[in-house]
Amino acid sequence: MPDNVLVVDDEPLTRETLKELLRDEGFDAESFASPYEALQVLEREDVAVVLTDLRMPLIDGLEFLREGAADYLSKPLDSEELIIRLRRVIERQREVEEIRRLRIDAARHGKFGDLVYRSQVMQQVVERALAVADTDATVLVQGETGTGKEVLCRAIHAHSLRSAGPFLAVNCAGLNPNLVESELFGHESGAFTGASRMRKGRLESASGGTLLIDEVDELSPEVQIRLLRFLQDRSFERVGSSGSIRADVRVLCATKRNLKEMVEQGLFREDLYFRVNTVLIALPPLRVRKEDIGPLAERFLNEKCKESPSGDMPVLSPEVLRAFLAYDWPGNVRELEHSVEHAVAFARCGTLEIRHLPSQFSVPESSPLIQWYLDSQDRVSLPDILRDCERHLVEWALARSEGNQAHAAELLAIPRTTLRSRVDALRGEKTASGGSGLADE
């Protein structure tokens, strides 16, 4: 299917000549004397390229192309050069669309940058992030501590048209309030005590890329004003200088607090709030997306084992995974990562068990191994209960040892011959009752 090209020019001869040239070259070309007519076509059709004159009555080409232009040519036009550049622009568009398609496809399979997920709620977060990744819109990521706000922002940068540029981050809560202004905007030599030389700020250093302002709610009122000005006209001054500097940088912000409530309380500027909140992405806590716990734990386990000198690859026991799923994770993904790291340090190799986890997962010593629920019972059969308990313990040991009876006997602290006789007896009972027998070694 030929690429659709719109020609917009108020000169009839130029307009019709270009249309015929483009059709001869295999394009599906349409021509318009008025940008308003072309806008109507753009609203209902997919158009590859708009070729427009810059000087027209009522509305000029620059206003018509308010989102920017891919290339410029001076009149009189060289037809051969026009076709070459036109094909180059279309090829670039195809490359960008293919990259975008591949990134969306990867995100649908549970990976977005370093984010790993399986839950529907995180799928929605990623789709929202992808929708704005290749724009320059200011994004506010809001979420509890440890939910992965910086990881999400890095993924947005990696999927943007600025991915070849730098990604820098500044945590406003981790700095002395008096140093935040200098960290963001830089300073001149002698601007304050200790400023022995000129230093570029993060805004200047991130030019061409992305800057994450983490804990943006910690900015002082003075710095809020300076950041607002930058977001309005993309210019700033270093501390101690009156010279204006422009920086081509996309700003992402992150916070664990509700900025709207802070505005209502007079703690955050309303005009700055609307600037940084162009797009809001709410990152949910781990306790409401427990489907992600398993994939995340495996990811952290693989990472920690790569760092291990032995290179051994432990596995998560079912008990550990059940404990992870039952826990509320007040520290979110960061706490999960630290818990896996703690377990790897103590397990070294083999299976990660409850005893390898941090203390919040430990079973209290006073807790009984078996819970009894006898309040509603009038009478019980002790032989039946003992037989049922023995069967569960033998099956547990054989499952844990993957059918190795020698290992299973060690887990039960009994001789192997005793275990074998118990297995034979239980197998016989099950066969007599019509059930399936215990597996042989």
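Structural data are supplied above this passage.
Thresholds, definitions, all that
- Residues numbered from 1 in each chain as written.
- Predicted model: local features only at pLDDT ≥ 70, side-chain atom pairs only at ≥ 80, totals over all residues.
- Heavy atoms only, no water.
- Helix = DSSP H or I, 4+ residues; strand = E, 2+ residues; numbered from the N terminus.
- Buried < 20%, exposed > 50% of the residue type's maximum accessible area, 1.4 Å probe, protein only.
- Contact = heavy atoms within 4.5 Å.
- Areas by Shrake-Rupley, 256 points an atom, 1.4 Å probe, with all protein chains shown as cover.
- Pairing = 2+ DSSP bridges.
- Axes fitted to C-alpha atoms, helices over the stretch in contact; angles between N-to-C directions.
- Parallel < 35°, antiparallel > 145°, perpendicular 65-115°, else oblique.
- Left-handed = near helix turned anticlockwise from the far one by under 90°.
- Nonpolar A, V, L, I, M, F, W, Y, C, P; charged D, E, K, R; others polar.
- Salt bridge = Lys/Arg side-chain N within 4 Å of Asp/Glu carboxyl O.
- Patch = residues over 30% accessible without salt bridge, like charges linked within 9 Å, V, L, I, M, F, W, Y side chains within 5 Å.
- Lys, Arg positive; Asp, Glu negative; His and termini not counted.
- Expected span 1.5 Å × (residues − 1).
- Arc of directions from axis to C-beta.

1. Side note on the overall build of the protein chain
Link 1 in the chain: The secondary structure content of the protein chain amounts to 17 helices and 16 strands.
Link 2 in the chain: Out of the 441 residues in the protein chain, the part that is buried amounts to 38%.
Link 3 in the chain: Look at the contacts in the protein chain between residues 6 or more apart in sequence, and 66% of them connect residues 24 or more apart.
Link 4 in the chain: Summed over its atoms, the accessible surface of the protein chain is roughly 25300 Å², and 50% of this surface lies on carbon and sulfur atoms.

2. A look at the sheet that holds strand β14 (residues 279–282)
Link 1 in the chain: The sheet built from five strands is open, its strands ordered β7-β10-β13-β6-β14 with parallel pairing. Both outer strands of the open sheet, β7 (167–171) and β14, are each paired with one neighbouring strand and no more. On average, adjacent strands in this sheet sit at an angle of 20° to one another, irrespective of strand direction.
Link 2 in the chain: For β7 and strand β10 (residues 210–214), the ladder comprises five bridges, and the chain directions are parallel. Along β10, the bridge assignment pairs Val 170 with Ile 213.

3. Description of the packing of helix α7 (residues 177–185) against helix α9 (residues 221–233)
Link 1 in the chain: Running from N to C, α7 and α9 point in directions that differ by 15°, and their axes come no closer than 9 Å. Classified by the interaxial angle, the pair formed by α7 and α9 is roughly parallel. For the pair α7 and α9, the crossing hand works out as left-handed. For the pair α7 and α9, contact is made by Val 180, Glu 181, Leu 184 and Phe 185 and by Val 223, Arg 226 and Leu 227, respectively.
Link 2 in the chain: Across the contact of α7 with α9, the residue classes tally to five nonpolar, no polar and two charged.

4. Looking at the pattern of salt bridges
Link 1 in the chain: For the structure shown, the criterion picks out 33 salt bridges.
Link 2 in the chain: One salt bridge connects Asp 248 with Arg 162, and the closest N-O pair in it is separated by 2.5 Å. Pair noted here: Asp 248 is in the loop between β12 (244–246) and β13 (250–255) and Arg 162 is in the loop between α6 (149–158) and β7, with a separation of 86 residues, a long-range link.
Link 3 in the chain: Several salt bridges share partner residues, and in doing so they unite Glu 319, Arg 322, Glu 353, Arg 355 and Arg 400 into one network.

5. A short note on a nonpolar patch on the surface
Link 1 in the chain: On the surface, Ile 370, Trp 372, Leu 374 and Val 380 cluster together into a nonpolar patch covering about 390 Å² of accessible area.
Link 2 in the chain: Note on placement: Trp 372 falls in the loop between β16 (351–352) and α15 (382–400).

6. Description of the sheet that holds strand β2 (residues 28–32)
Link 1 in the chain: Here we have three strands laid out as an open sheet, ordered β2-β1-β3, and parallel in their pairing. Strand pairing shows two members of the sheet lacking a second neighbour, β2 and β3 (49–52), which therefore form its edges. Mean inter-strand twist for the sheet, computed between neighbouring axes without regard to direction, equals 20°.
Link 2 in the chain: Pairing analysis gives four bridges linking strand β1 (residues 4–8) to β3, with the strands arranged parallel. Along β3, the bridge assignment pairs Val 8 with Thr 52.
Link 3 in the chain: Lying on the sheet, helix α1 (residues 12–24) is in contact with β1, β2 and β3; it crosses β2 at an angle near 175°.
Link 4 in the chain: Most of the contacts of helix α2 (residues 35–44) go to β1, to which it runs at about 160°, and overall it touches β1, β2 and β3.

7. Some words on the side chain of Asp 214
Link 1 in the chain: As for its placement among the helices and strands, Asp 214 is situated in strand β10.
Link 2 in the chain: No salt bridge is formed by the buried Asp 214; the nearest opposite charge belongs to Lys 149, separated by 5.4 Å.
Link 3 in the chain: In contact with Asp 214, other than residues within four places in its own chain, are Lys 149, Val 170, Asn 171, Cys 172 and Ala 254.

8. So, the packing of helix α12 (residues 293–306) against helix α14 (residues 332–347)
Link 1 in the chain: Interhelical geometry of α12 versus α14 gives an angle of 50° and a closest axis separation of 9 Å. For the element pair α12 / α14, the angle class is oblique. Viewed along their axes, α12 and α14 form a crossing whose handedness is right-handed. For the pair formed by α12 and α14, the contact residues are Ile 293, Leu 296, Ala 297, Phe 300, Leu 301, Glu 303 and Lys 304 on the first element and Val 333, Leu 336, Glu 337, Val 340, Glu 341 and Val 344 on the second.

9. Here's the deal with α1
Link 1 in the chain: Here α1 spans 18 Å end to end across 13 residues, near enough to the 18 Å set by a 1.5 Å rise per residue.
Link 2 in the chain: Of all the positions in α1, only Arg 15, Leu 18, Lys 19 and Leu 22 are classed as buried. End-on, the buried residues of α1 take up no more than an arc of 100°, which puts them together on one face. Residues of α1 that are exposed and point more than 90 degrees away from the buried face comprise Pro 12, Leu 13 and Asp 24.
Link 3 in the chain: Where α1 terminates, the next one or two residues include Gly 26, which has phi positive at roughly 95°.

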